[in-house]
Amino acid sequence: MVAMKYVIAMIRPERLDAVKRELQKIEVSRLTVSSVSGYGAQKGYMEIYRAMEYDANLLEKIKIEIAVNDEFLEPTIEAIKTGAKGSDGYVGSGKIFVLPLENVIRIRTNETGPEAI
Amino acid sequence: MVAMKYVIAMIRPERLDAVKRELQKIEVSRLTVSSVSGYGAQKGYMEIYRAMEYDANLLEKIKIEIAVNDEFLEPTIEAIKTGAKGSDGYVGSGKIFVLPLENVIRIRTNETGPEAI
Amino acid sequence: MVAMKYVIAMIRPERLDAVKRELQKIEVSRLTVSSVSGYGAQKGYMEIYRAMEYDANLLEKIKIEIAVNDEFLEPTIEAIKTGAKGSDGYVGSGKIFVLPLENVIRIRTNETGPEAI
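Below: a short report on this structure. Since the model is a prediction, treat every value here as computed from it, not as a measurement.

1. Observations concerning the overall build of chain A
So, point 1. When you go through chain A residue by residue, the secondary structure sums to 2 helices and 7 strands.
So, point 2. Going residue by residue from the N terminus, the α and β elements of chain A occur as β-α-β-β-β-β-α-β-β.
So, point 3. Each of the 117 residues in chain A was classed as buried or not, and the buried ones make up 54%.
So, point 4. A fraction of 73% describes how many contacts in chain A between residues 6 or more apart in sequence connect residues 24 or more apart.

2. Digging into the relation of the copies chain C and chain A
So, point 1. The transformation that overlays chain C on chain A combines an axial shift of 0.0 Å with a rotation of 120°, and the residual RMSD is 0.0 Å. One copy is carried onto the other by what is essentially a three-fold rotation axis. For chain C, the smallest separation between a C-alpha atom and the rotation axis is recorded for C:Pro100, amounting to 4.1 Å.
So, point 2. Comparing contact sets, just 11% of the residues at the interface of chain C also lie at the interface in chain A, consistent with a heterologous contact between different surfaces.

3. Some remarks on helix α1 (residues 16-25) of chain A
So, point 1. Burial in α1(A) covers these residues: A:Leu16, A:Ala18, A:Val19, A:Lys20, A:Glu22 and A:Leu23.
So, point 2. Within two residues after α1(A), A:Glu27 carries a phi angle of roughly 65°, on the positive side.

4. A closer look at the interface of chain C and chain A
Accessible area lost upon the coming together of the parts serves often as the stated size of an interface.
So, point 1. Contact residues are listed per partner, giving 27 residues for chain C and 33 residues for chain A.
So, point 2. Summed over both partners, the interface of chain C with chain A comes to about 2400 Å²; 58% of that surface belongs to carbon and sulfur atoms.
So, point 3. If you sort the residues of chain C by the area they bury against chain A, C:Ile105, C:Ile107 and C:Arg108 come out on top, with a joint share of 28%.
So, point 4. Across the chain C-chain A interface, the total number found is 2 salt bridges.

5. Overview of the pattern of salt bridges
So, point 1. According to the stated counting rule, one finds 21 salt bridges over all chains in the structure shown.
So, point 2. One salt bridge in this structure joins A:Lys5 and C:Glu102, with 3.0 Å as the shortest N-O distance. On the criterion of chain membership, the pair formed by A:Lys5 in strand β1 (residues 4-11) and C:Glu102 in the loop between β6 (94-101) and β7 (103-106) is interchain, its members lying in two chains.
So, point 3. Residue class for C:Glu102 comes out partly exposed when judged on its relative accessible area of 34%.
So, point 4. Notably, a salt bridge pairs C:Asp70 with C:Lys5, separated by 3.8 Å at the nearest N-O pair. You can see C:Asp70 sitting in helix α2 (residues 70-85) and its partner C:Lys5 sitting in strand β1 (residues 4-11), a full 65 residues away along the chain.

6. Focus: the packing of aromatic side chains
Two descriptors summarise a pair of aromatic rings, namely the distance from one centre to the other and the angle between the planes of the rings.
So, point 1. Across all of its chains, the model carries 3 aromatic pairs over all chains by this definition.
So, point 2. Taking 5.4 Å as the distance between ring centres and 65° as the angle between the ring planes, the aromatic pair formed by A:Phe97 and C:Tyr6 counts as edge-to-face. Pair noted here: A:Phe97 is in strand β6 (residues 94-101) and C:Tyr6 is in strand β1, and the two residues belong to different chains. Grouping residues by exposure puts A:Phe97 and C:Tyr6 together as buried.

7. Let's talk about the interface of chain A and chain B
So, point 1. With 27 residues of chain A in contact, the opposing surface of chain B contributes 33 residues.
So, point 2. Carbon and sulfur atoms supply 58% of the area buried between chain A and chain B, which totals about 2400 Å² over both sides.
So, point 3. The largest per-residue losses of area from chain A upon contact with chain B belong to A:Ile105, A:Ile107 and A:Arg108, which jointly make up 28% of the total buried on that side.
So, point 4. Put simply, chain A and chain B have 2 salt bridges between them.
So, point 5. Across the contact surface, chain A and chain B share 13 residue pairs in polar contact (both at pLDDT 80 or more).
So, point 6. Pairing between strand β2 (residues 31-39) of chain A and strand β2 (residues 31-39) of chain B: 3 bridges, direction antiparallel.

8. Some remarks on the packing of helix α1 (residues 16-25) of chain B against helix α2 (residues 70-85) of chain B
Residue and element names in this part refer to chain B.
So, point 1. Two numbers describe how α1 lies on α2: the axes approach to 7 Å, and their chain directions differ by 145°. Of the two elements, α1 crosses α2, and the hand of that crossing is right-handed. Contacts between α1 and α2 involve Ala 18, Val 19, Glu 22 and Leu 23 on the former and, on the latter, Thr 76, Ala 79, Ile 80, Thr 82, Gly 83 and Ala 84.
So, point 2. Looking at the contact of α1 with α2 residue by residue, the classes come out as 6 nonpolar, 3 polar and 1 charged.

Scoring rules and cut-offs
- Residues numbered from 1 in each chain as written.
- Chains lettered and ligands numbered in written order.
- Predicted model: local features only at pLDDT ≥ 70, side-chain atom pairs only at ≥ 80, totals over all residues.
- Heavy atoms only, no water.
- Helix = DSSP H or I, 4+ residues; strand = E, 2+ residues; numbered from the N terminus.
- Buried < 20%, exposed > 50% of the residue type's maximum accessible area, 1.4 Å probe, protein only.
- Contact = heavy atoms within 4.5 Å.
- Least-squares fit on C-alpha atoms with pLDDT ≥ 70 in both.
- Buried area = accessible area lost by both parts, 1.4 Å probe.
- Salt bridge = Lys/Arg side-chain N within 4 Å of Asp/Glu carboxyl O.
- Phe/Tyr/Trp six-rings, centres within 6.5 Å; stacked < 30°, edge-to-face > 60°.
- Polar contact = N/O pair within 3.5 Å; in protein donor to acceptor, adjacent residues only side chain to side chain.
- Pairing = 2+ DSSP bridges.
- Axes fitted to C-alpha atoms, helices over the stretch in contact; angles between N-to-C directions.
- Left-handed = near helix turned anticlockwise from the far one by under 90°.
- Nonpolar A, V, L, I, M, F, W, Y, C, P; charged D, E, K, R; others polar.

Here it is in structure tokens:
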């Protein structure tokens, strides 16, 4: 069976539209999005802001989850990188994780495997 | 070691109770639930609604995550399908993803592997 | 290539700071955090609370996601267990799931694999 991958990307919230546009260019339009918080490389320092301690290195991120067939993996990674990086290339542009995906089932049609993606 | 799987399902929010009931029938009662947004098959079109552009193909979904031992995989998939599809079989009933799961650790008891599930 | 793992932990919200401190002790400071709801082992019972039916076994949890290189896996699991368990060892301290991770890409630098973690 064609290998499939589960792609997880953590990106800056303001880059979501750009990432979606890049993905649509390669016909990847099915994705799941959720809000998460990311702790960056800073070792963690607390700042007192108006006498209220808050965790200064907590960064709001958007998590994107996409199932792809193998031949779409590289184009998907490139599309996410292009959209997420933007022109500024700021620190904290995010990361992409590639996990093995054994099966996909489309609930309405009972299709399974690569066709279900 | 008995193989284990990490099952991720994206379903319509109104089907969560039905999915839970189906899972309880097969004694699967430990699951994690979170709110996500899904972009469907529509290639993405924007609608102007009261002069406010919004992304018409952003669908609220519920993400379910369940760890199962191999022999529970098929019954779990069937239970999710039965509960998520409902009688109407609408477009957007959702998808199920099956990922390999190497280990599970129950924090309180230090149990690991299939017993920890 | 050095094997990498995708670690998912579901813990009690009040234990997050303790888990972060334990992880920082072993120099693991990049993690993603999100709010989820967990259904525990109770088979599911409904309680009427002021004439409002609610799902008594829905527990607020924090989901932690961390990518680690193999040699960091055991220390990361131990750190999460120490932080999440606390002194009381209550029921519902949570679980840790270990999934295989094929690749990691750091968007800003294009680094891939173990260096990107």
